[in-house]
Amino acid sequence: MVMRNKIDASTKYMKEDWSTDAWIEHGRLPPQGPVNVLLTAAMACETAGIVAAQPRKGFLFGPTLALALDAGFVPIRKKGKLPGELYRAAYTKEYGEDFFEIQVESIPEGSNVVIVDDILATGGSARGAGQLVQMCKANILEFCFVMELDFLKGRDKLQADTFTLLSGQTESLKGSK
Ligand SMILES: O=P(O)(O)OC[C@H]1O[C@H](OP(=O)(O)OP(=O)(O)O)[C@H](O)[C@@H]1O
Ligand SMILES: Nc1ncnc2[nH]cnc12
């Protein structure tokens, strides 16, 4: 799969001058790696209080983003993994249906939330994560991904603005849907 750098296309997030000087002025590091570039997107949400991530690869990025944003981190889990009172959302992806859960008290009502994961494909799982955040009566500021399979148009399903660092296939491969 050939990856195309999408940073230049993300004008929404680059409308301010994120030069090294600007990053220093904001007390942040300049963007040098995937997490820092995701941070560029997440920093567009200066009011983010919570970073929520989907299992399992989202947990690789979520805590780092949360630390950098001085926000809390909330893991969304597959059903049956969390104790206590839970919200549950069904989600559908390319190869079946499953359920995500979140602890009812994990995200305070009215919180501003960034949702992060590694890949946006059909958008089914990210949409499910978004539903859980909405059940907590919190606001989704944006979705952040390292990579997007554009041809699946997953972003059209999502409940808030979507930022991806890399875009993969723009069309489906021969023999696949
Ligand atoms: O946009 P979608 O079609 O929903 O697909 C994207 C999801 O699929 C992958 O997770 P996977 O199913 O491999 O789960 P895991 O990270 O728990 O292994 C990926 O890490 C995303 O979470
Ligand atoms: N089509 C796909 N290719 C690679 N990773 C994926 N994760 C979910 N769907 C995927």
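Below, the structure is looked at part by part. The structure presented is a predicted model; accordingly, all values stated were derived computationally and were not measured.

Quick notes on the rules
Every chain's residues receive numbers from 1 upward, in the order its sequence appears when written. Chain letters start at A and ligand numbers start at 1, both assigned in the order the entries are written. This being a predicted model, a pLDDT of at least 70 is required before a residue's local features are given, and a value of 80 or more before pairs of side-chain atoms are given or counted; all residues contribute to the totals for chains, interfaces and linings. Excluding hydrogens and water, the side-chain figures rest on all heavy atoms present in the structure. Here a strand is any run of E in DSSP of at least two residues, a helix any run of H or I of at least four, and the numbering for each starts at the N terminus. Between buried and exposed lies partly exposed: a residue is buried under 20% and exposed over 50% of the maximum accessible area for its type, with that area taken using a 1.4 Å probe on protein chains only. By definition in these notes, contact holds between two residues if any of their heavy atoms fall within 4.5 Å. Only the protein chains shown count as cover for residues, and all accessible areas are computed by the Shrake-Rupley method using a 1.4 Å probe. Residues are labelled near a given molecule or strand when at least one of their non-hydrogen atoms is within 4 Å of it. A 3.5 Å cut-off defines polar contacts: any pair of N or O atoms within that distance qualifies, except that in protein one atom must be a possible hydrogen donor and the other a possible acceptor, and neighbouring residues in sequence count only when both atoms are side-chain atoms. All amino acids are sorted into three groups, where Ala, Val, Leu, Ile, Met, Phe, Trp, Tyr, Cys and Pro are nonpolar, Asp, Glu, Lys and Arg are charged, and the leftover types, Gly among them, are polar. Multiplying 1.5 Å by the helix residue count minus one yields the expected span of that helix. Two strands qualify as a pair provided DSSP detects at least 2 bridges between them.

1. Section: the overall build of the protein chain
Item 1. Scanning the protein chain from N- to C-terminus turns up 5 helices and 9 strands.
Item 2. Ordered by position in the sequence, the α and β elements of the protein chain form the string β-α-α-α-β-α-β-β-β-β-β-α-β-β.
Item 3. Classification of the 177 residues of the protein chain by burial places 46% in the buried group.
Item 4. The contacts in the protein chain between residues at least 6 apart in sequence include a share of 58% that link residues at least 24 apart.
Item 5. By element, 51% of the accessible surface of the protein chain is carried by carbon and sulfur atoms, the whole surface being about 9400 Å².

2. Observations regarding the site of ligand 2
Item 1. What surrounds ligand 2 is the set E94, I119, A121 and L149.
Item 2. At a separation of 2.5 Å, a nitrogen atom of ligand 2 approaches a polar side-chain atom of E94.
Item 3. Its residues assigned to classes, the shell around ligand 2 comprises 3 nonpolar, no polar and 1 charged.

3. Concerning helix α5 (residues 124–135)
Item 1. Taking 1.5 Å of rise per residue, the 12 residues of α5 would be expected to cover 16 Å, and the 17 Å separating its terminal C-alpha atoms lies within 8% of that figure.
Item 2. For α5, the full list of buried residues reads G124, S125, A126, G128, A129, G130, L132 and V133.
Item 3. Contact partners of the buried residues in α5: β5 (86–93), β6 (96–103), β7 (112–120) and β8 (139–148).
Item 4. Positive phi appears at K137, one or two residues downstream of α5, with a value of about 60°.

4. Overview of the pairing of β6
Item 1. Sheet topology places strand β4 (residues 77–78) next to β6; 2 bridges connect them, and they run antiparallel. Counterpart to K78 in the pairing with β6 is F100.
Item 2. Pairing of β5 with β6 involves 8 bridges; the strand directions are antiparallel. Pairing of Y87 across the sheet is with I102, part of β6.
Item 3. Taken together, β5 and the strand that follows it, β6, pair antiparallel across an intervening segment of 2 residues.

5. What to know about the site of ligand 1
Item 1. Around ligand 1 sit 16 residues, and of these K93, D117, D118, T122 and S125 come closest.
Item 2. At 3.4 Å from an oxygen atom of ligand 1 is found a side-chain nitrogen or oxygen belonging to K78.
Item 3. G123 places a polar main-chain atom, nitrogen or oxygen, 2.8 Å from an oxygen atom of ligand 1.
Item 4. Notes on ligand 1: free accessible area 500 Å², of which the protein chains cover 89%.
Item 5. By residue number, the principal contributor to the shell around ligand 1 is β7, which donates 4 residues.
Item 6. Each residue belonging to the shell around ligand 1 can be placed in one class, and the counts come to 5 nonpolar, 5 polar and 6 charged.

This is a description of form; function is not addressed.
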